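An overview of the molecular structure
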Amino acid sequence: MNYRIRMRNLREDRDLTQRELAQVINKSQQGYSHIEDGRAELKIEDLIKLCRFYGVSADYFIGMSED
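To keep things clear, this report deals only with the structure shown in the data block. (Residues numbered from 1 in each chain as written. Predicted model: local features only at pLDDT ≥ 70, side-chain atom pairs only at ≥ 80, totals over all residues. Heavy atoms only, no water.)

**Let's talk about the packing of helix H1 (residues 3-13) against helix H3 (residues 29-37)**
- Where H1 meets H3, the closest approach of the two axes is 8 Å, and the angle between their N-to-C directions is 125 degrees. Regarding the angle of H1 to H3, the classification is oblique. In contact with Arg-4, Met-7, Arg-8 and Arg-11 of H1, H3 contributes Tyr-32, His-34, Ile-35, Glu-36 and Asp-37.
- Considering only residue class, the contact of H1 with H3 consists of three nonpolar, one polar and five charged. (Axes fitted to C-alpha atoms, helices over the stretch in contact; angles between N-to-C directions. Helix = DSSP H or I, 4+ residues; strand = E, 2+ residues; numbered from the N terminus. Parallel < 35°, antiparallel > 145°, perpendicular 65-115°, else oblique. Contact = heavy atoms within 4.5 Å. Nonpolar A, V, L, I, M, F, W, Y, C, P; charged D, E, K, R; others polar.)

Structure below.
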């Protein structure tokens, strides 16, 4: 699974907005949107912040594991 799809699914499953998640990784809503839409890459530092926020492993987030 593409990490962008998992990123969107995690956010939507928790009824969170892009603006709320942008605050977690210290970006604008537009910057976060660009990552989800594939116009920008997710930095490793931001991946770590999102994994901690959601309580999931990086392997799960990037689609290498289903748990």
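Having seen the model, we can carry on.
**Quick word on the nonpolar core**
- If you look at the biggest cluster of nonpolar residues, it comprises 17 residues, and the most contacted ones within it are Met-7, Leu-42, Leu-50, Tyr-54 and Phe-61.
- Counting only elements with at least two residues in this core, the list comes to H1, helix H2 (18-24), H3, helix H4 (44-54) and helix H5 (58-61).
- Per element, the largest residue contribution to this core is four residues, and it comes from H4.
- Leaving out residues up to four positions away in the same chain, Tyr-54 has contacts with Met-7, Leu-10, Arg-11, Arg-14, Leu-16, Leu-21 and Phe-61. (Core = buried A, V, L, I, M, F, W, Y, C linked by side-chain atoms within 4.5 Å. Buried < 20%, exposed > 50% of the residue type's maximum accessible area, 1.4 Å probe, protein only.)

**Focus: the pattern of salt bridges**
- For the coordinates displayed, the defined rule picks out eight salt bridges.
- Among the salt bridges present, the one from Asp-37 reaches Arg-8, with a minimum N-O distance of 3.0 Å. Of this pair, Asp-37 sits in helix H3 while Arg-8 sits in helix H1; the two residues are 29 residues apart in sequence, bridging distant segments of the chain.
- A salt bridge links Asp-46 to Lys-27, with the nearest nitrogen and oxygen atoms 3.2 Å apart. Placement of Asp-46 in helix H4 and of Lys-27 in the loop between H2 and H3 is noted, with a sequence separation of 19 residues between them. (Salt bridge = Lys/Arg side-chain N within 4 Å of Asp/Glu carboxyl O.)

**Regarding H1**
- Residues of H1 that are buried: Tyr-3, Arg-4, Arg-6, Met-7, Leu-10 and Arg-11. Within H1, the buried residues cover an arc of 165 degrees as seen down the axis, which keeps them to one side.
- As for H1, its buried residues are in contact with H2, H3, H4 and H5.
- At the N-terminal boundary of H1, the capping side chain belongs to Asn-2, with an oxygen 2.6 Å from the backbone nitrogen of Arg-4. (Arc of directions from axis to C-beta. Polar contact = N/O pair within 3.5 Å; in protein donor to acceptor, adjacent residues only side chain to side chain.)

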